[in-house]
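Listed below are the residues making up each chain.
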Amino acid sequence: MSLQRDSLASLKTAPIKSSQAVTSDTLPSQPSHLSLQSVQLDQDRMRLQVRTHLEKFKYYPSSARRRGIEGQVEVAFTLSNKGAANKVSILHGSGYALLDHAALETVNRAQPFPVEDGQYRFRLQFQRL
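Small disclaimer: the values here were computed from a predicted structure and weren't measured.

**Comments concerning the overall build of the chain**
- Along its length, the chain carries four helices and three strands.
- Listed N to C, the secondary structure of the chain is α-α-α-β-β-α-β in terms of helices and strands.
- Here the contacts in the chain between residues at least 6 apart in sequence split such that 72% fall between residues at least 24 apart.

**Side note on the packing of aromatic side chains**
- Going through the model one piece at a time under the given rule, you end up with five aromatic pairs.
- On the numbers, 6.1 Å between centres and 5° between planes, the contact of Y120 with F122 is stacked.
- Looking at Y120, the relative accessible area reads 7%, which means it is buried.
- One cation-aromatic arrangement involves K58 over F126; the distance from NZ or CZ to the ring centre is 5.6 Å.

**Re the pattern of salt bridges**
- What the rule picks out here adds up to four salt bridges.
- Salt-bridge contacts for E74 lead to R121; the nearest nitrogen and oxygen are separated by 2.8 Å. Of this pair, E74 sits in strand 1 (residues 71-79) while R121 sits in strand 3 (residues 118-126), and the two are 47 residues apart along the sequence.
- One salt-bridge network, held together by shared partners, links R51, E55 and K58.

**Digging into the nonpolar core**
- V50, L54, V75, F77, L79, F113 and F126 are the most contacted members of the largest nonpolar core, which has 21 residues in total.
- At the level of elements, helix 2 (33-56), strand 1, helix 4 (97-109) and strand 3 are the ones that each hand at least two residues to this core.
- Setting aside its immediate chain neighbours within four residues, V50 contacts F77, L79, F113, V115, Y120 and F122.

**Brief notes about the confidence of the model for the chain**
- For the chain, mean pLDDT is 79; residues scoring 70 or higher make up 73% of the total.
- Averaged pLDDT values over the elements of the chain bottom out at 45 in helix 1 (residues 2-10) and peak at 96 in helix 4.
- Predicted confidence for residues 1-24 stays below pLDDT 50, and this span has four contacts to residues more than four positions away or in other chains.

**Some remarks on the sheet that holds strand 3**
- Pairing in this open sheet of three strands is antiparallel, and the strands run 2-1-3 from one edge to the other. The sheet terminates laterally at strand 2 (85-92) and strand 3, the two strands that pair on one side only. Strand after strand, the sheet turns through a mean of 25° between neighbouring axes, direction not considered.
- Sheet contacts for helix 4: strand 1, strand 2 and strand 3; angle to strand 1, the most-contacted strand, approximately 35°.

How each quantity is defined
- Residues numbered from 1 in each chain as written.
- Predicted model: local features only at pLDDT ≥ 70, side-chain atom pairs only at ≥ 80, totals over all residues.
- Heavy atoms only, no water.
- Helix = DSSP H or I, 4+ residues; strand = E, 2+ residues; numbered from the N terminus.
- Contact = heavy atoms within 4.5 Å.
- Phe/Tyr/Trp six-rings, centres within 6.5 Å; stacked < 30°, edge-to-face > 60°.
- Buried < 20%, exposed > 50% of the residue type's maximum accessible area, 1.4 Å probe, protein only.
- Lys NZ or Arg CZ within 6 Å of the ring centre and 35° of its normal.
- Salt bridge = Lys/Arg side-chain N within 4 Å of Asp/Glu carboxyl O.
- Core = buried A, V, L, I, M, F, W, Y, C linked by side-chain atoms within 4.5 Å.
- pLDDT = per-residue confidence, 0-100.
- Pairing = 2+ DSSP bridges.
- Axes fitted to C-alpha atoms, helices over the stretch in contact; angles between N-to-C directions.

This is the structure:
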C-alpha cells in the first residue's frame, strides 16, 4: 500500500500551456439536460396523440368479435409531412389473419394523423368487452 502511495506522490502533472487551455469554445457543444427533457416530452406528447388518434379508428371486425377471436398485433408505420401513413407493416402478428388485416385497416382509416413526420410502433389490442 505504501508503495502505491509513493508511486502516486511521485507523479507530476505538466502545466497546461496557454495554447492548450480548454475553453467553452473548444468543447464540443452538447444539448443541455433541460433541452433533452423538452425533446423527450415533445416526443412523448406526439406519440400519445398518434396512439389516441389510432384508437379512435380501431377496426375490430364483427365476425372476429362474434367468434371470440382476440389478440394483439404490433404495427409500424412512418408518417409523412402531411400526416399520411407510409411503410405500414405488421411486426408481430396475432396468429389470426382477420386481426392482422384489421390492424392494417385501422392505420389506413386513421389517416391523416394529427402529427407529422416520424416513425411509430404500436401494439393494438383486439378483445371483446
